[in-house]
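# Chain and residue survey
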Amino acid sequence: MSIHDEHPFRTPPELRDPIRRLRGHLPAPVTVWTSAGAGRQDGWTISSVLVGEGRPGELVALVDEDCDWWELFRACGTATVNVLAHGQGRVADAFARIAPSPGGPFRTGDWAPAAYGPRLQGAAGWVGVRLVDPAPPHAGWGLLVRAAIADVELADGAEALEHRYGHYA
């Protein structure tokens, strides 16, 4: 057995997708969108998010149409966008379904019920949103989802978590 300073299965630089590499160069917010309704709750980690100012303001996100949360959001029409804070990367990984969370993703982190969907305690902020169009168009491989901002709350002194080059910063 030998010890390597690189991942042995990493794609060589010359074979990497340039669009994916571009995305990695840009800092991205780390959010978990959560919804509750019909006796269940679910959520999904989303980093492809933009804020559109206006009356009402909107969040625009690229959403994986195959994730279970998307069907719940479409059905109930509301979500809490939890803006994760430093130290909450494990929560993001659990909701992205890339890290284990025995008992489900809501077992990672401290969650409380809220008007638009479950709310993560200690987050850098929370945004209550309403789905604008339940049949959004595609943008690349994701759905271009628009959500009207109904409520915003920011935590004093909490710095938002960001993702860059495949790591949390």
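Computed from a predicted structure; not experimentally measured.

## Section: the environment of Leu72
As for its position among the elements, Leu72 is in helix H2 (residues 68-76). We classify Leu72 as buried; its relative accessible area is 5%.

## Brief notes about the packing of aromatic side chains
Going through the model one piece at a time under the given rule, you end up with 7 aromatic pairs. Between the aromatic rings of Trp33 and Trp69, the centroid separation amounts to 6.0 Å while the plane-to-plane angle is 75°, which identifies the pairing as edge-to-face. Of the two residues, Trp33 sits in strand E2 (residues 31-37) while Trp69 sits in helix H2, which places them 36 residues apart along the sequence. Assessed through its relative accessible area of 0%, Trp33 is described here as buried. Judged by its relative accessible area of 0%, Trp69 is buried. Judged by centre distance (6.3 Å) and plane angle (70°), the ring pair of Trp33 and Phe73 falls under edge-to-face. Of this pair, Trp33 sits in strand E2 while Phe73 sits in helix H2, and the two are 40 residues apart along the sequence.

## Topic: the pattern of salt bridges
Opposite charge on two side chains permits pairing when their charged atoms draw close. Scanning all chains against the criterion turns up 5 salt bridges. Notably, a salt bridge pairs Asp42 with Arg40, separated by 3.7 Å at the nearest N-O pair. On the accessibility criterion, Asp42 (6% relative accessible area) is buried. Overall, the relative accessible area of 38% leaves Arg40 in the partly exposed class. Residues joined in a network through salt bridges with shared partners are Arg40, Asp42 and Arg97.

## Topic: the side chain of Gln88
As for its placement among the helices and strands, Gln88 is situated in the loop between strand E6 (78-83) and helix H3 (89-95). A distance of 3.4 Å separates the side chain of Gln88 from the backbone oxygen of Gly122, its partner in a polar contact. Contact partners of Gln88, with chain neighbours within four places excluded, come to Leu120, Gln121, Gly122, Ala123 and Leu161.

## What about H2?
Of the positions making up H2, those classed as buried are Trp69, Trp70, Leu72 and Phe73. Relative to the axis of H2, the buried residues are bounded by an arc of 165° and lie together on one face. Exposed side chains of H2 directed beyond 90 degrees from the buried face belong to Asp68 and Ala75. Buried residues in H2 make contact with E2, strand E3 (40-46), strand E5 (58-63), E6, strand E9 (125-131) and strand E11 (142-154). Just past H2, the residue Gly77 takes up positive phi, approximately 80°.

## Comments concerning unusual backbone geometry
A cis amide bond, omega 0°, links Arg55 with the succeeding residue Pro56. Within the fold, Pro56 resides in the loop between strand E4 (49-52) and E5. At Ala38, a residue that is not glycine, the phi angle is positive and equals roughly 55°. Exposure remark for Ala38: the relative accessible area of 88% places this residue in the exposed category. Positive phi values are uncommon outside glycine, yet Tyr165 reaches one of about 55°. Here Tyr165 is to be found in the loop between strand E12 (162-164) and strand E13 (167-168).

Quick notes on the rules
- Residue positions are given per chain, counted from 1 along the sequence in the order it is written.
- Given that this is a predicted model, residues contribute local features only at a pLDDT of at least 70 and side-chain atom pairs are listed and counted only at 80 or more, while totals for whole chains, interfaces and linings are drawn from all residues.
- Side-chain calculation: all heavy atoms of the structure are included, whereas hydrogens and water are not.
- A helix here means a DSSP run of H or I that spans at least four residues, while a strand means a run of E at least two residues long, and both kinds are numbered starting from the N terminus.
- The classification of residues rests on relative accessible area computed with a 1.4 Å probe and restricted to protein chains. Under 20% of the type maximum is buried, over 50% is exposed, and intermediate values are partly exposed.
- Any pair of Phe, Tyr and Trp rings, taking the six-membered ring for Trp, is counted once the centres come within 6.5 Å. Such a pair is stacked with planes under 30 degrees apart, edge-to-face with planes over 60 apart, and tilted for the rest.
- Counted as salt bridges are all cases of a side-chain nitrogen of Lys or Arg within 4 Å of a carboxyl oxygen of Asp or Glu.
- Residues adjacent in sequence count toward polar contacts only when both atoms are side-chain atoms; beyond that, a polar contact is any pair of N or O atoms within 3.5 Å, and within protein one must be able to donate a hydrogen and the other to accept it.
- Residues are treated as being in contact if the distance between any of their heavy atoms lies within 4.5 Å.
- Of all possible arcs, the one meant is that of the directions from the helix axis to the C-beta atoms.

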